[in-house]
Amino acid sequence: MARKSTRSMGEMISTVCFAGMALKLALDASLWDGGLIGLLGLWGSSAACAAAAVRFPLQTFADKLRNR
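Everything numeric in this text was worked out from a predicted model, so none of it was measured.

Below, the discussion takes up the nonpolar core. Among the nonpolar cores identified, the biggest contains 5 residues, and these are Ala22, Leu25, Ala29, Leu42 and Cys49. Secondary-structure elements contributing two or more residues to this core are α1 (9-30) and α2 (36-53). Per-element tally for this core: the top contributor is α1, with 3 residues. Leave out the neighbours within four places in its chain, and Cys49 touches Phe18, Met21, Ala22 and Leu25.

What follows covers the pattern of salt bridges. Applying the stated rule across the entire model yields 2 salt bridges. Between Lys24 and Asp28 there is a salt bridge, with its nearest N and O atoms 2.5 Å apart. Here Lys24 and its partner Asp28 are both found in helix α1, 4 residues apart, which amounts to about one turn of the helix. Note on Lys24: relative accessible area 42%, which makes it partly exposed. Between Arg66 and Asp63 there is a salt bridge, with its nearest N and O atoms 3.1 Å apart. Pair noted here: Arg66 and Asp63 are both in helix α3 (residues 55-66), with a separation of 3 residues, about one helical turn. By relative accessible area, which is 58% here, Arg66 ends up exposed.

Cut-offs and rules
Along each chain, residues carry numbers from 1 onward, in the same order as the chain's sequence is written. Where local features are concerned, this predicted model is filtered to residues with pLDDT of at least 70; where side-chain atom pairs are given and counted, the filter is 80 or more; whole-chain, interface and lining totals use all residues. The side-chain values count all of the structure's non-hydrogen atoms but skip hydrogen atoms and water molecules. Among buried residues, the Ala, Val, Leu, Ile, Met, Phe, Trp, Tyr and Cys ones that are joined through side-chain atoms within 4.5 Å form a nonpolar core. Type-normalised accessible area, obtained with a 1.4 Å probe on protein chains alone, sets the label of each residue: buried when under 20%, exposed when over 50%, and partly exposed for intermediate values. Secondary structure elements are defined from DSSP: runs of H or I of at least 4 residues count as helices, runs of E of at least 2 residues count as strands, and each element is numbered from the N terminus. Should any heavy atoms of two residues lie within 4.5 Å, those residues are counted as being in contact. Every case where a carboxyl oxygen of Asp or Glu lies within 4 Å of a side-chain nitrogen of Lys or Arg is listed as a salt bridge.

Here you go:
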């Protein structure tokens, strides 16, 4: 199935929000002085937001791998 090549304004806004939250959570994790569970939660949340921010390039890469 062909994917559209342009992204909507809403998709771009959500991408910027995910990237910003990934950076904020990574900063919070680097300054964290609480317990290990909280630290792992912050780093995990940061990684999930970072993955969501690059979801379109990841999907393009997965499509190229699948079509080989």
